[in-house]
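# Residue-level structural notes
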Amino acid sequence: MVPSSSGLCRVGGEPVPGVGTYEDFNTIDWVREKSKDRDRHPRGKIATKSKESTWALVKGISDAFSGWLLMLLIGLMSGALAGGIDISAHWMTDLKEGVCLNGFWFNHEHCCWSSNETTFQERDKCPQWKSWAELIIGQSEGPFAYIMNYLLYVSWALLFAFLAVSLVRAFAPYACGSGIPEIKTILSGFIIRGYLGKWTLIIKTITLVLAVSSGLSLGKEGPLVHVACCCGNILCHLFTKYRKNEAKRREVLSAAAAVGVSVAFGAPIGGVLFSLEEVSYYFPLKTLWRSFFAALVAAFTLRSINPFGNSRLVLFYVEFHTPWHLLELLPFVLLGIFGGAWGAFFIRANIAWCRRRKSTRLGHYPVLEVLVVTAATAVLAFPNGYTRMSTSELISELFNDCGLLDASQLCTYANGSEPKSGGNALPDRPAGAEVYSAMWQLALALLFKVLVTVVTFGMKVPSGLFIPSMAVGAIAGRLLGVAVEQLAYYHHDWVIFRGWCSPGADCITPGLYAMVGAAACLGGVTRMTVSLVVIMFELTGGLEYIVPLMAATMTSKWVADAMGREGIYEAHIRLNGYPFLEPKEEFSHKTLAMDVMRPRRGDPPLSVLTRDGMTVEDVEGLIADTTYSGFPVVVSHESQRLMGFVLRRDLIISIENARKRQDGVVSSSRIFFAEYTPPQPASSPAPLKLRGIMDLSPFTVTDHTAMDIVVDIFRKLGLRQCLVTHNGRLLGIITKKDILKHMAQIANRDPDSILFN
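Residues numbered from 1 in each chain as written. Predicted model: local features only at pLDDT ≥ 70, side-chain atom pairs only at ≥ 80, totals over all residues. Heavy atoms only, no water.

A few words on the overall build of the protein chain. For the protein chain, the count of helices and strands is 28 helices and 13 strands. Every one of the 757 residues in the protein chain was classed for burial, and the buried ones make up 55%. Contacts spanning at least 24 positions in sequence make up 74% of the contacts within the protein chain whose residues lie at least 6 apart. Working note: accessible area of the protein chain is about 32700 Å², and carbon and sulfur atoms make up 61% of it. (Helix = DSSP H or I, 4+ residues; strand = E, 2+ residues; numbered from the N terminus. Buried < 20%, exposed > 50% of the residue type's maximum accessible area, 1.4 Å probe, protein only. Contact = heavy atoms within 4.5 Å. Areas by Shrake-Rupley, 256 points an atom, 1.4 Å probe, with all protein chains shown as cover.)

This is the structure in structure tokens:
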């Protein structure tokens, strides 16, 4: 059942440029692409040639190692870009609040590192770092200074957001959003030209820094997957076997997606699992190894750049000192329930907002929308210290385990006790006034993040969802963690605390609750499980906290799935009408191929080509009158016995090429798809032989094949279309779009929402 592609790109013995390629917004034929790769070097051919000459041996070895070299280049390029993005975003985020006198290119932290006048209690204050109020009006305190800092914070945010949306709109419209829904669709075999091109890469890299620095409720982690895939796609053009084969290129893009998560979170293993679980459609074992190697190279490159100056790959690396207790699984499961509920709420609210954007005048003013949301975000964020700081810093603060050296407001407990011998961990203590004040601020920050993230994700700027979702969960987790900690302190004689939480012991770690909450909320939104747990423990270095993370993530997925089956990326794929056949979704309806195939009863008959009965003019007329992507070839209109299948694009290119390059081919020339052409009268024009472009073994099913089997065939083989026969006679055709429309009808959705072929 594998298409014969020997001579696939040949007509009349000559290769025809363009045959075997695909148009924009079309689906690739995976089976045909695999056949092309197999025909590139049949088994044994390389071994035979290598015995004949050294050059052939060198070519064979370079062909075998080109995949590994490509992975090395993708890892190096993505790691370097991610390091640059991290450093730039950190500097520009701090630029909203002030500037370093030693050098304007230093961010706040680096500026104060070299200062000898920094006190431990006020380690973030040093004479070299000046707020805008100090520079402009010479005051650091007081109402005028506050108003000046407020105005400049909002002004910088608006400037960064305006530059980001303007660059996206002018140079690369595909650079907006997170990019993961589109990458999932591309990896399933769909073609979106320019989505992974050089302009998209350049603009996405620049505007991602601007968007993150503007203070909008978005992250850079999702867009970094898009950036890495752009690197992979561009570097594929250096190697012929990847440049000319769409299926091979998608193997590279799967590895590039793993690289994106590796540099985003400093989690190479989590990146490989993310690619396998969340984005990849076809993931052979060879791709697993190459993804692992590329993710390793990327993480090493990022570590060499050391963007955060702490020898870590991420901003919020923490280490906890206290083991968790079995009874703490109850609050961890509660966080899982919250994460699942938040995920389901966010998806519904965000999709409703994005649909409103598409269907109303709001969508006509992307620049104005970005500026209004940025202004509202900046104005509301500035008064609250937890929303004013960057989201990554907020998560870092929330994950933090309060030790002796912490000057954070969250760690200001009353009458601090001496630490246990030999450790940095402090015993549970009563919360001071500052902790209660911080709790109120965090509660407001939670409400703010929940509402603002809904309207921010999907705007015309690069916007990731990982960090905002983690922030929502981390805030909720920290609030619950402090509540449980205080409960344990004041009621240590309760049954649930007796025996493991005695007075003066360090029982509860609020930072751990924040970490578990972050995982639960991210899981609720994306429905990731295995990869999410691995990413989280790679982030924190806490292997012993895998069970709490697993419990919260699994609970989150169950709760979110109970409220709605789709994750955020699948919901956006459906919103945009991409032809994506979800591999995780089960098809359980008892319909047959004859119920879905076209033509239906009352429709005009199927447009077909005959083996030898049509002229060039007839075929050109058929192409002009229809919009189909391909045509079945039958022996004759009477018999309808199937011979093969020809793609529309290949047919057009072959006829145009024959008219230009082949003598005697005119409109009245007969077209032959048969192996042998019968003798022609001397007066007749030259025939056109097109057997070389015909797929001799198209996939066929009978009219009584169950649709769940047909759907499985489409998913597992990546088909574009499948022909339906009855006793060898052609009855109709089923395309990927027909299946998606049928599934939409069954789910009571609008079948016309599937926009592309």
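So, on to unusual backbone geometry. P599 follows R598 through a cis peptide bond whose omega is 0°. Within the secondary structure, P599 sits in the loop between α24 (593-596) and β5 (609-610). Within the chain, Q640 stands out as a residue other than glycine whose phi angle is a positive 55°. Among the secondary structure elements, Q640 is positioned in the loop between β7 (630-634) and β8 (642-647).

Here a disulfide denotes a covalent bond joining the sulfur atom of one cysteine to the sulfur atom of another. Per the counting criterion, the structure on display carries two disulfides. Disulfide pairing places C100 opposite C111 at an S-S distance of 2.1 Å. Judged by the torsion about the S-S bond (80°), the C100/C111 disulfide is right-handed. Placement of the pair is C100 in strand β3 (residues 98-100) and C111 in helix α4 (residues 108-113), with a sequence separation of 11 residues. Accessibility expressed as a relative area gives 1% for C111, which makes it buried. Between the sulfur of C112 and that of C126 lies a disulfide, 2.1 Å long from S to S. Between C112 and C126, the disulfide has an S-S torsion of -75° and is therefore left-handed. Of this pair, C112 sits in helix α4 while C126 sits in the loop between α4 and β4 (129-131), placing them 14 residues apart in sequence. Residue C112 shares its accessibility class with C126, and that shared class is buried. (Disulfide = S-S within 2.5 Å.)

Okay, the sheet that holds strand β9 (residues 670-672) next. With mixed pairing, three strands are arranged side by side in an open sheet as β6-β9-β10. Edge positions in the sheet fall to β6 (614-615) and β10 (688-689), since each has one partner strand and no second. One ladder, built from two bridges, connects β9 with β10; its direction is parallel. Considered in β10, the bridge of I671 is made with L688. (Pairing = 2+ DSSP bridges.)

With that settled, the discussion passes to the environment of G385. One can find G385 in helix α16 (residues 385-388). Through-space distance from the C-alpha of G385 to that of L442 is 9.3 Å; in sequence the pair is 57 residues apart.

Along strand β13 (residues 729-735), five of the seven residues are buried, which leaves the element largely enclosed by surrounding structure. When strand β12 (residues 721-726) meets β13, the two strands line up antiparallel, connected through six bridges. Paired with C722 across the bridge in β13 is I734. Between the end of β12 and the start of β13, which pair antiparallel, lie two residues, with N727 showing a positive phi angle near 55°.

Further remarks concern the environment of L592. As for its position among the elements, L592 is in the loop between α23 (568-576) and α24. Taking the relative accessible area as the measure of exposure, L592 reaches 26% and is therefore partly exposed. C-alpha separation for the pair L592 and T702, spaced 110 residues apart in sequence, amounts to 9.4 Å. Setting aside residues up to four positions removed in sequence, L592 forms contacts with D703, H704, T705, A706 and M707.

This brings us to the confidence of the model for the protein chain. When pLDDT is averaged across the protein chain, the result is 84; 89% of the residues are at 70 or more. The model gives residues 1-13 a pLDDT under 50, and that stretch makes 39 contacts with residues more than four places away or in other chains. Low pLDDT (under 50) marks residues 416-424, which in the prediction has 15 contacts with non-local residues, meaning those over four places away or in another chain. (pLDDT = per-residue confidence, 0-100.)

Before going further, it helps to examine the packing of helix α14 (residues 329-359) against helix α19 (residues 466-490). Packing of α14 against α19 brings their axes to within 11 Å, and their N-to-C directions diverge by 150°. On the basis of their axis angle, the class for α14 and α19 is roughly antiparallel. In this structure, α14 crosses over α19, and the sense of that crossing is right-handed. On the side of α14, the interface is formed by P331, L335, F338 and W342, while α19 contributes S469, V472, A476, G477, L480 and V484. For the contact of α14 with α19, the per-class residue count stands at eight nonpolar, two polar and no charged. (Axes fitted to C-alpha atoms, helices over the stretch in contact; angles between N-to-C directions. Parallel < 35°, antiparallel > 145°, perpendicular 65-115°, else oblique. Left-handed = near helix turned anticlockwise from the far one by under 90°. Nonpolar A, V, L, I, M, F, W, Y, C, P; charged D, E, K, R; others polar.)

Right, let's talk about a nonpolar patch on the surface for a bit. Where nonpolar side chains cluster on the molecular surface, the patch consists of L57, I61, F65, W68, L285 and W289 and spans about 620 Å² of accessible area. Residue assignment for the nonpolar patch shows that the elements contributing at least two residues are α3 (54-95) and α13 (285-305). A total of four residues in the nonpolar patch trace back to one element, the largest contributor, which is α3. For I61, the position within the fold is in helix α3. Its relative accessible area of 44% is what places I61 among the partly exposed residues. (Patch = residues over 30% accessible without salt bridge, like charges linked within 9 Å, V, L, I, M, F, W, Y side chains within 5 Å. Salt bridge = Lys/Arg side-chain N within 4 Å of Asp/Glu carboxyl O.)

With that settled, consider the sheet that holds β8. Pairing is mixed in the open sheet, where three strands are placed in the order β5-β7-β8. Of all strands in the sheet, those bounded by a partner on one side alone are β5 and β8. Sheet topology note: the β5/β7 ladder contains two bridges and is parallel. Bridge pairing links T610 to V634 in β7. Sheet strands touched by helix α26 (residues 648-661): β5, β7 and β8. Its angle to β8, the strand with the most contacts, is close to 75°.

With eight of its nine residues buried, α23 lies for the most part within the structure. For α23, the complete set of buried residues consists of I568, Y569, E570, A571, H572, I573, L575 and N576. Taken together, the buried residues of α23 touch α7 (180-187), α12 (268-279), α14, α19 and α20 (510-526). Among the residues trailing α23, G577 stands out with phi positive, at a value near 75°.

Between two packed helices, the angle of one axis relative to the other and the distance separating the axes together describe the packing. Across the interface, α20 lies against helix α22 (residues 546-563) with an axial gap of 8 Å and an inter-helix angle of 30°. In terms of their interaxial angle, α20 and α22 are classed as roughly parallel. Considering how the two elements wind past one another, α20 and α22 form a crossing that is right-handed. Along its contact with α20, which presents M515, V516, A519, A520, G523 and G524, the element α22 presents P548, L549, A552, T553, S556 and A560. Within the contact of α20 with α22, the residues separate by chemical class into eight nonpolar, four polar and no charged.

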